[in-house]
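Notes for the structure review
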Amino acid sequence: MMWTGEGRRRLVAHGPGVIAALAASVLMLWALRWLFTPHLLAGHHSEYHALRVLLVADLWRSGEFIPRWVPELAGGLGYPLFIYYGWLSYALAAELNVLGVAPVTALNAVTIAAALWQAVGAWMLGRQLGGRAGAWVAWVLFAFAPYQLVNLYVRGNFPEFVAGSLAPWALWAMLRAVAGKGRWHGLACAVFLAAIALCHNISGLTLGAAVTVSGLLFAGTLPPQERKVGMGRALLAGTTGALLSAFFWLPVLAGQHYVRLANDFNAYLDYRQHFLYLRQLISTAWGYGYSLPGPNDTMPLQLGIVQVATLLLLAPLGIALAGRASSRRRVRLAGVALAALALAFLTTGRSAWLWAIVTPLALLQFPWRLHLPGTLLVAATGALAFRVFAATHRRRWRGLRLDVLLAACACLALAATSLRYCRPLATYVVDEAALRKLLDVGYYTTSIQDEFRPVWANDLETLGRLMRTEQASLDGVPISKARLPSSEQRGNFTLQAQIADAGELRLPIYWFPGWSLSIDGVPQATYPCSGTGVICARVDAGTHVFAAAWRPTRVYHLGAAISLLTLVVSILMTARIWPLVRK
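Residues numbered from 1 in each chain as written. Predicted model: local features only at pLDDT ≥ 70, side-chain atom pairs only at ≥ 80, totals over all residues. Heavy atoms only, no water.

1. Brief notes about the side chain of T381
Mapped onto the fold, T381 is located in helix α15 (residues 371-392). T381 has contacts with T310, L311, A315, L333, V336 and A337, leaving out every residue within four places of it along the chain. (Helix = DSSP H or I, 4+ residues; strand = E, 2+ residues; numbered from the N terminus. Contact = heavy atoms within 4.5 Å.)

Structure representation (structure tokens):
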């Protein structure tokens, strides 16, 4: 076959790009090779995440569309796990489990999809900020960042990893919305921010703030006549994201005093024990242990040498090269870089005084969790810096952009050097039967410090005897033939019992707002039993049919109404009002 001159030019122009893209794909797949098996990656409580996938699937099978109360946990006493903990990442894997895929395999499949999704998102963000060269830089700075690899292979923090995979897309949509590029980007950003919050509560706070502040920064650099509109779009996107997830966080706020959330912020989870030393930000140490007080952590907690160099070397160089003629680029680059440096500073012990003043920061538990939004801003900084370099050095060699070619080669080399960290400590086989056996191991809740146990449940000794109890009792005496169904069916059940004398009926299930009990079809008031906190009600003598069910209360419906109304109004505004604004 004879190539024409035009064909040769196209081959020379596009061939290296295709080869680089293929090389990047190979590197990504090799980094994820441990997930292409039915084995569970060893991590900090990895089995919790696999079991939660199974629990969400069980709730769906029982007819609960939104996971909230989990009847199988706490030895059959039930547990409000998904009322307080984000469940969307588990739901993605639970869909596969409902279709017959094993829980661990489903977990690994969603993790692979999230890793590839975040790589594409970082590329798109870099392309938006820095052209093709910036796309390569953002890809390697985010997808192969130490913190991302720690979440995947050391901590095994599945929900935070999935939440992080949505972060580049949220920022990409935010920046396009602020610039007025397309009608749907503001709503898309809001959806991504809401999804992040539903995947991982803390990431919803940190990434939501980082994306919204970045949008305001970029809006502030627009021409004066567009600045106010751009800031309005940024605030609208951030606010809409919060309102879309109101059905989740509103019940959390309303019910924060029902459980022991204070346990989430003391003992090991006290943020004061987990500040970093400055040298740890560029450490190359790698291990599979835990975060410990002092500098001798046994897990990697660095921001990354390349990431720090981007902030301290690449960003100042880009600001200097931009010159006065490109004030907008200088302000954006300086603003994003300073924000990333501020987040890095907040992870260190030198910022302890600020944490003591801004008390809501304690919600993060680990200051180094700010590496996730920090890494996102570092990727944006790198892309912006390369936009400046490309503007000042647009040289071509045989039709090729040298800046793009050099950026691709350098980023592929950096990604290749990170592959040595892309491996878990171990993998092990955990099938569905093994996961279900965990539910029989005493008081098993998948929470770290039993932070979701109702505050009225204090008699741990009696609760230990009640676990796996299958009979209702009257004044503490078991009622014959009043047997409860299996634990996975205890969210909605009926039973018949012969009551000899009037007394206090006790069901071995934690009482929690939302539980209802009817006796012979007549609603009956319930209350938590003193000490144990299980469901109690007064009953009269006779043969009765008891129907118990946990259903969302008014605050859940209010949150759902806010989220649904926000979604409908946002769609209508975007679809109908936007064309009029454009005109």
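2. Here we look at the nonpolar core
One finds F82, W136, W139, F144, L507, F512 and F546 to be the most contacted residues of the largest nonpolar core, which totals 177 residues. In terms of residue count, the dominant contributor to this core is helix α5 (residues 103-143) (20 residues). The residues touching W139, leaving out its near neighbours within four places in the chain, are A24, L27, M28, A119, A122, W123, F144, C411, L412 and A415. (Core = buried A, V, L, I, M, F, W, Y, C linked by side-chain atoms within 4.5 Å. Buried < 20%, exposed > 50% of the residue type's maximum accessible area, 1.4 Å probe, protein only.)

3. Quick word on the sheet that holds strand β10 (residues 522-524)
With antiparallel pairing, the four strands of this open sheet are ordered in space as β7-β13-β9-β10. Each of the sheet's edge strands pairs with one partner strand only, and the pair in question is β7 (492-499) and β10. For this sheet, the mean inter-axis angle between neighbouring strands, taken without regard to orientation, is 30°. Alignment of strand β9 (residues 515-519) against strand β13 (residues 542-550), held across five bridges, turns out to be antiparallel. In the strand pairing of β13, L517 is matched with A548. (Pairing = 2+ DSSP bridges. Axes fitted to C-alpha atoms, helices over the stretch in contact; angles between N-to-C directions.)

4. Some words on empty space enclosed by the protein
Per the stated rule, a full pass over the model turns up four cavities of 30 Å³ or more. Lining the largest cavity are 14 residues; nearest its centre among them are L107, T111, L152, G156 and F158. Mapped onto the lining of the largest cavity, the elements with two or more residues apiece are β1 (40-41), α2 (46-61), α5, α6 (146-154) and α7 (158-178). The leading source of residues in the lining of the largest cavity is α5, at three residues. For the lining of the largest cavity, the class distribution of residues is seven nonpolar, seven polar and no charged. Put simply, the second largest cavity is a space of about 80 Å³. The wall of the second largest cavity is formed by M28, A31, L32, A115, Q118, A143, F144, L149, L152, Y153, F161 and C422. Elements represented by at least two residues in the lining of the second largest cavity include exactly α1 (5-31), α5 and α6. (1 Å grid on protein atoms, 1.4 Å probe; cavity = no way out; pocket = protein on both sides within 12 Å on 5 of 7 lines; lining within 4 Å. Points joined across faces, edges and corners; volume = space filled by probe spheres on them. Nonpolar A, V, L, I, M, F, W, Y, C, P; charged D, E, K, R; others polar.)

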